[in-house]
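Read off the chains here:
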Amino acid sequence: MSTLSHPRMRHANTDRGRRRRTRQKWGHPWLYLPLTGVLLLMIAPFLWMLTGAFKPEADIRQVPQVLIPTHPTLANFRELFSSLDFTSMFANSVIVALSVTAGNLIFCSMLGYALAKLEFRGRRGVFMLVMATLMVPGLVTFVPLYVLVANMGLTGSLLGLILPFVVTPFGVFLMRQFISTLPDELIDAARVDGCRELAIFWKIILPLTKPALATLGIITFLGSWNNFLWPLVVAQNESQYTLPVGLALASSGQDFTRYGVLLAGAVVVLLPVMVVFLLFQRHFVAGIATTGLK
């Protein structure tokens, strides 16, 4: 009788095949232990922020800290909403973040398409200039940018919070890298059919760049929503403040910081960002995975 046909050998081969399929499906189980530890380290500050928002001020300051509130309360949220014009600041944050995001999606994709697919004199030089600008820290250009905005008379207005950021070097680079991966044959065929460049961009390029647009949109919205220093300097009064600025002012007393109000405000500020990410996370992951591949 053949060795492979023996019942014990068939059973052993079946067990080895089953273990191999399990390893292929789950990888190495021992890797999950350190990964779980890293995950807990990453979410620990968020858990502390969430639970701290429902703690009295005395419980937040006690040592050692207790993660679960012993006396949960909504006093921090009530104090937050009563100490600042939340509706106005929330509207300012939404207007600024959405305007900056829309500007980046439109103008960065247009410039990225031009640098990736159009032939014109100085294209390489323009791309090198974009890359050089990307390497300059934002604090270096902060004062010149403020002087420019002040000379244009835009301080103390929402327009002064929006215009300097409607196009970013990172957005141009991201869109250029993604559009470079699209086949030239699609554009050539559209040109043969008589499409103009603007029609090619709107009808062919934009629908194919949804993953990159989602990635750029989430990153831009997050950066604009959490921007603190620029609105603090440019906005002249409380009616132009965004949520991060209002939250910082509301949580700071004369000689101490009200951490409960600060944590409650952080939870409120975080919620819109989480909603945006959950809505576009599939496109975000696809954009990160495919951008730059040729």
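Some thoughts on the overall build of the protein chain
Phase 1: Within the protein chain, the secondary structure is distributed over 15 helices and zero strands.
Phase 2: Taking all 294 residues of the protein chain together, 32% fall into the buried category.
Phase 3: When the accessible surface of the protein chain is summed, it comes to about 18000 Å², and 69% of that surface belongs to carbon and sulfur atoms.

A look at helix α12 (residues 210–225)
Phase 1: With 16 residues, α12 extends 22 Å between its outermost C-alpha atoms, agreeing within 8% with the 22 Å of an ideal straight helix rising 1.5 Å per residue.
Phase 2: Of all 16 residues that make up α12, twelve are buried, and the element is covered over most of its length.
Phase 3: Looking only at α12, the buried set comprises Pro211, Ala212, Leu213, Ala214, Thr215, Leu216, Gly217, Ile218, Thr220, Phe221, Ser224 and Trp225.

Examining the nonpolar core
Phase 1: The biggest cluster of nonpolar side chains holds 25 residues, and the ones touching the most others in it are Ala53, Leu80, Phe221 and Trp225.
Phase 2: Contributions of two or more residues to this core are made by α4 (75–83), α5 (86–117), α12, α14 (243–251) and α15 (259–290).
Phase 3: When residues in this core are grouped by element, the largest group, eight residues, is from α15.
Phase 4: Setting aside chain neighbours within four positions, we find Trp225 in contact with Phe90, Ser93, Val94, Ala97, Leu243, Pro244, Val269, Pro272 and Val273.
Phase 5: Residues Leu115, Leu174, Phe201 and Leu216 belong to the second largest nonpolar core, which totals 22 residues.

Focus on helix α9 (residues 169–180)
Phase 1: Between its terminal C-alpha atoms α9 stretches 16 Å, which fits the 16 Å expected from twelve residues at 1.5 Å a residue.
Phase 2: Taken residue by residue, α9 has Gly171, Val172, Leu174, Met175, Gln177, Phe178, Ile179 and Ser180 as its buried positions.

A word on the environment of Leu148
Phase 1: Among the structural elements, Leu148 can be located in helix α7 (residues 142–151).
Phase 2: The class for Leu148 is partly exposed, based on a relative accessible area of 48%.
Phase 3: Sequence separation between Leu148 and Pro164 is 16 residues; the distance between their C-alpha atoms is 9.5 Å.

Comments concerning the side chain of Thr101
Phase 1: Position of Thr101 relative to the elements: it lies in helix α5.
Phase 2: Classification of Thr101 as buried rests on a relative accessible area of 9%.
Phase 3: In this structure, Thr101 is in contact with Gly217, Thr220 and Phe221, ignoring residues within four places of it in sequence.

Rules and cut-offs
Residues numbered from 1 in each chain as written. Predicted model: local features only at pLDDT ≥ 70, side-chain atom pairs only at ≥ 80, totals over all residues. Heavy atoms only, no water. Helix = DSSP H or I, 4+ residues; strand = E, 2+ residues; numbered from the N terminus. Buried < 20%, exposed > 50% of the residue type's maximum accessible area, 1.4 Å probe, protein only. Areas by Shrake-Rupley, 256 points an atom, 1.4 Å probe, with all protein chains shown as cover. Expected span 1.5 Å × (residues − 1). Core = buried A, V, L, I, M, F, W, Y, C linked by side-chain atoms within 4.5 Å. Contact = heavy atoms within 4.5 Å.

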